[in-house]
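Here is how the chains run, residue by residue.
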Amino acid sequence: GASEVKKTGEMRERMGGHTADHVLSEVVATTATGSGGSGGNDYECSGASEVKKTGEMRERMGPVSTSDAAWDGILSKSSEVETAFFTPSDKARKTFFRAGLHERDMFTSIISMSIQCISSTFVRSWDDLLVVKALRGFRQMAEICIYFDLEERLNEILETLLGYGRDYVLSTIMLDRKVYNDEEENNDNKKGGEDSDDEEALFDEIPYSVLSRDATSSFASISSPSHFRDTVTGSASHRGLLSLNCALTLIRQHPFRIREAWPALVGCIFALRDADALPVGLADLDDFADSQGVVLPASPFSRLSQRRVNAYIASILTVEESDEGSWFWRSLFGGQKRKLLSLTHDGSIAGGSGNLSPSRKQSFKQAPPLTEALLFVVKTAELDRILIRSRDLPLATQIIHVLLETMDPTSYDFLPFSYSSTYQRNAGSEVSDNDEAAQEDLLFEHNAVFALELAARALLSNQQHAPTLYPMFLSKFQSILVPERSDAQQQQHESLSPCPKGTKKESSSQRHLSSAALRAPYIMERVVVTILRSCIHLYDAPGMRQYLKSSLKLLADLPMEFVKHISDRLACGMAIILRGRFCQLETSDEWNLVGDLLDRAAHFRSGRRFVFDGIASSVDYALCPLPEVGSKSTDVLDAVENDGVKVTYEGGYILVKLLTYFVFGKYDGDISMRRLAMPRLEKMYWILFHMSVDHSAVDEHNKPMEGMVPDEELWQIVASAFHECSLSDNLDTSRQGVGCMRRFLLTTKPDSMSDVGWITILYSLSSRRPSVEADDARIEYCDLLGKILLLLLPKLSQRSENWDELTAIVKQTAEVFGENLRAGRRGNVSPLFESTVQTVTNMCNVMSLSEFDGGAGFSQWAGEALLAELEKV
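Residues numbered from 1 in each chain as written. Predicted model: local features only at pLDDT ≥ 70, side-chain atom pairs only at ≥ 80, totals over all residues. Heavy atoms only, no water.

Student: Account for the overall build of the chain, with residues named and values stated.
Tutor: The number of helices and strands found in the chain is 43 helices and 0 strands. By the burial criterion, 48% of the 873 residues in the chain qualify as buried. Roughly 43,400 Å² of accessible area belongs to the chain as shown, and the carbon and sulfur atoms make up 51% of that amount. (Helix = DSSP H or I, 4+ residues; strand = E, 2+ residues; numbered from the N terminus. Buried < 20%, exposed > 50% of the residue type's maximum accessible area, 1.4 Å probe, protein only. Areas by Shrake-Rupley, 256 points an atom, 1.4 Å probe, with all protein chains shown as cover.)

Student: Tell me what's going on with the environment of Leu158, and back it up with residues and numbers.
Tutor: One can find Leu158 in helix 9 (residues 151-176). When its relative accessible area of 0% is taken as the criterion, Leu158 is described as buried.

Student: Now, about unusual backbone geometry: what can you tell me, with residues and values included?
Tutor: One non-glycine residue, Asp149, lies in positive phi territory at about 60°. Within the element layout of this structure, Asp149 appears in the loop between helix 8 (128-147) and helix 9. In this structure, Glu382 is a non-glycine residue whose phi angle is positive, near 55°. As for its position among the elements, Glu382 is in the loop between helix 20 (369-381) and helix 21 (383-387).

Student: Account for the environment of Arg822, with residues named and values stated.
Tutor: By secondary structure assignment, the location of Arg822 is in helix 41 (residues 803-824). Each C-alpha atom, one on Arg822 and one on Leu832, is 10.0 Å from the other, the two residues being 10 residues apart in sequence. Not counting chain neighbours up to four residues away, the residues in contact with Arg822 comprise Glu815 and Glu869. (Contact = heavy atoms within 4.5 Å.)

Student: Any details on the side chain of Arg608? Residues and values, ideally.
Tutor: Here Arg608 is to be found in helix 33 (residues 605-621). A polar side-chain atom of Arg608 sits 3.1 Å from the main-chain carbonyl oxygen of His603. Apart from residues lying up to four places away in sequence, Arg608 is in contact with Ala601, Ala602, His603, Phe662, Tyr667, Asp668, Asp670 and Met673. (Polar contact = N/O pair within 3.5 Å; in protein donor to acceptor, adjacent residues only side chain to side chain.)

Student: Any details on the nonpolar core? Residues and values, ideally.
Tutor: Residues Leu555, Trp715 and Leu745 are the most contacted members of the largest nonpolar core, which totals 208 residues. When neighbours within four sequence positions are excluded, Leu745 is seen to be in contact with Trp715, Trp758, Ile761, Leu765, Leu784 and Ile788. (Core = buried A, V, L, I, M, F, W, Y, C linked by side-chain atoms within 4.5 Å.)

Student: Got a sec to walk through the packing of helix 25 (residues 444-461) against helix 29 (residues 521-538)? Specific residues and values, please.
Tutor: Remark: helix 25 packs on helix 29, axes separated minimally by 9 Å, with the N-to-C direction vectors making an angle of 10°. Of the possible angle classes, the one that applies to helix 25 and helix 29 is roughly parallel. Taken together, the residues of helix 29 that come into contact with helix 25 (itself represented by Phe444, Glu445, Ala448, Val449, Leu452, Glu453, Ala456, Arg457, Leu459 and Leu460) are Pro521, Tyr522, Ile523, Arg526, Val527, Thr530, Arg533, Ser534, His537 and Leu538. Looking at side-chain class alone, the contact of helix 25 with helix 29 contains 12 nonpolar, 3 polar and 5 charged residues. (Axes fitted to C-alpha atoms, helices over the stretch in contact; angles between N-to-C directions. Parallel < 35°, antiparallel > 145°, perpendicular 65-115°, else oblique. Nonpolar A, V, L, I, M, F, W, Y, C, P; charged D, E, K, R; others polar.)

Student: Residues and numbers for the packing of helix 37 (residues 712-726) against helix 38 (residues 731-747), please.
Tutor: At a closest axis distance of 6 Å, the pairing of helix 37 and helix 38 adopts a crossing angle of 150°. What the angle tells us is that helix 37 and helix 38 run roughly antiparallel. The two elements helix 37 and helix 38 cross, and the hand of that crossing is left-handed. Residues Trp715, Val718, Ala719, Phe722, His723, Cys725 and Ser726 of helix 37 form the contact with helix 38, whose participating residues are Thr733, Ser734, Gly737, Val738, Cys740, Met741, Phe744 and Leu745. (Left-handed = near helix turned anticlockwise from the far one by under 90°.)

Student: Can you tell me about the packing of aromatic side chains, naming the residues and giving the values?
Tutor: Under the definition given, this model contains 24 aromatic pairs. Taking the centre distance of 6.3 Å and the plane angle of 40° together, the rings of Phe107 and Phe148 count as tilted. Of the two residues, Phe107 is situated in helix 7 (residues 101-124) and Phe148 in the loop between helix 8 and helix 9; the sequence distance between them amounts to 41 residues. For the pair Phe107 and Phe148, a shared accessibility class is recorded, and that class is buried. Here a set of aromatic residues connected by ring pairs shows up, and it is made of Tyr685, Trp686, Phe689, Trp715, Phe722, Phe744 and Trp758. (Phe/Tyr/Trp six-rings, centres within 6.5 Å; stacked < 30°, edge-to-face > 60°.)

Student: Describe the environment of Cys725, listing the residues and the values that go with them.
Tutor: On the secondary structure map, Cys725 appears in helix 37. Residue Cys725 is classed as buried on the basis of its relative accessible area, which comes to 0%. Along the primary structure Cys725 and Met678 are separated by 47 residues, whereas in three dimensions their C-alpha atoms are 8.3 Å apart. The contacts of Cys725, once residues within four sequence positions are left out, are Val663, Arg674, Met678, Thr733, Ser734 and Gly737.

Student: Account for the pattern of salt bridges, naming residues and giving values.
Tutor: A full pass over the atoms with the stated rule returns 36 salt bridges. In this structure, Asp620 engages Arg680 in a salt bridge whose closest nitrogen and oxygen atoms are separated by 2.6 Å. Taken together, the positions of Asp620 in helix 33 and Arg680 in helix 36 (residues 674-692) put the pair 60 residues apart, joining distant regions of the chain. Classification of Arg680 as buried rests on a relative accessible area of 18%. Across the pair Glu869 and Lys872 runs a salt bridge whose closest N-O atoms are separated by 3.2 Å. (Salt bridge = Lys/Arg side-chain N within 4 Å of Asp/Glu carboxyl O.)

Laid out in structure tokens, this is it:
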């Protein structure tokens, strides 16, 4: 630049005191004649024509005075000009001009490139202030889209922001689950903890001021640039957190405008759940609990799904850090060095889904700082209010549809990301094309059950719209529980293991379902839980019963090999339905369906107790008290009606049948609950009896036929159940069985049963009796046997065709008494001996009376047969 200065000095020497016009004329003349040997040819090509025109103009204007007074006059003109005025920003904000169609068209034409440009700046810049300004640009573009009703563009912006937020959450999962080995931790301490200091610095600079409510709109009020920069410190390192907060804020404020961005939001929610960044009430899966409120233990399917997730994440966390893989961390956390994540000493994953190791928990007071920041964002956005507490039908329909779509493997790809591909890309791992397990998303089942949980909560929050929303669930349930399969798969399943002992052979539809349980068993389990929860809460909702009955029928067709793993949940859910909805089960089809499901669940030990508790609770607290022996049928019937019993006869019959199964030990020979089942069985039978008896019926003598047994088959089953209990080796159970049988048989009038029915029960009583070692039970049993014979012989002996059966019964009874007498004479005389002598003596005295059997003669022979046993002693 020195040559230019030298030329300028020479020009000033040549100018001397010449005026400006003189100098200009010389410049024009020199330019016109040319220089440097150009011969004037450079005039047209060097732009000198403009200079010539300027000279001519000055000649026409006349000479310019160079006196100081002239210049002062010119400069003084500025005092006559008004000072520049700019509208203050606060006043400008109060002045609004409605944008029109032209502004909308202009914005539409530039928005795509604007999103790309701002996105590039947002991702690439490490200047905190510039990152926040870019975020404001996203926010302002979104608000403009809302103003112009450009919902498609709005959703495009939200998808972009949610994508950045999802990547941040995924990196947080991997960072917060990092655990240092003892050796590595000691080495770090010896080295001065350089990496630890970097990590703490990263945690300390989380920009909570930007995350606070309406923080982005308050930046304009910060006047000091240094203060502004301090306010946004850490924004570049946590840009993904800011973008997630911005997106969730927009969604919370304008949920009805969300369309294409719903899948992206669902993907973020899945990631937040894995990062333990959802509130406890939102992240948990609702499940059944026992009577003490303890949640049922995890099923094998649930444990398998969790192990699959943990093992997959563990394989990602153990990848060595390299230049190819470390870019992901630098892109989100400012290039700070991070040590790789590892497993704890017991092999569990540090952090996530309640698996945070104790050492990791102690390193933070409550939760890892990044997780706390995510929790702050989620709670501020009120995700639960958007997802599961919305009362708007169109919005609830959209949310449920998107959530249910994630349960279908064929449509799972509609999500804008795949966990497997994301983790593999971030870790730099390679997946073989031949590895079938790698071709599917290994977290599909883990995410699908959570999506179903959110959809179910949204349904229960919109019970008034349940008839409109539930068909979507029913269609999805059918596709999961009844999947189509090829003939080859059907033939392959026919070679599977047989049904468990005590179960009935499965139908063709059940066999069709069995192999499907291996495809997504955890999803099937959660579908079962969702159906049961829907029936518990919605069975009385108008228009819902037909849908819920169709859902329960799907459960009735589940294969037993699958039911055995979820029998506790099936039994618990059905027990709650029975206890709370038995009065609303009106038809025999409904009761048969409920009874079938209870029976299927009771086949397995884990569900048996829940089934019995549901039946016992319904009989004890929901039905009328047990009638007393000797009460008139009309009085008891009035008590039943006044007590408000709503159970139908079909329902009562189902309950009696299930109780007899517990008494007889149908379920794997389990008789542990027969003692508790007996009083409920007795009560339930008499309720049915008094509900079904016809009090207007009369016999041939026009006398009321009070107490006629309406169902002899049911009577025989109940009597056999009590008799079975009386034969128990447990003394208390045996005595209770004898007591129930005494009340049951003596309350039944002789004329209310056919001869065949009475002969059948008498033959059973005389042929099978309690052991002589159980003195108390044996005494009561023999006393009952003597009374029932004295009660029935006058009626049964009137017909000679009954004599053969009665002869066998009397001989067996005499044998029973003989056993008692012989056993009672061993050593000292026992109470059994004395009681037997008294019973036999009383029976012989009564049977010897001629009017006892009306002169038939059979009773006298029976008395002599019993007396012969007494004489043998």
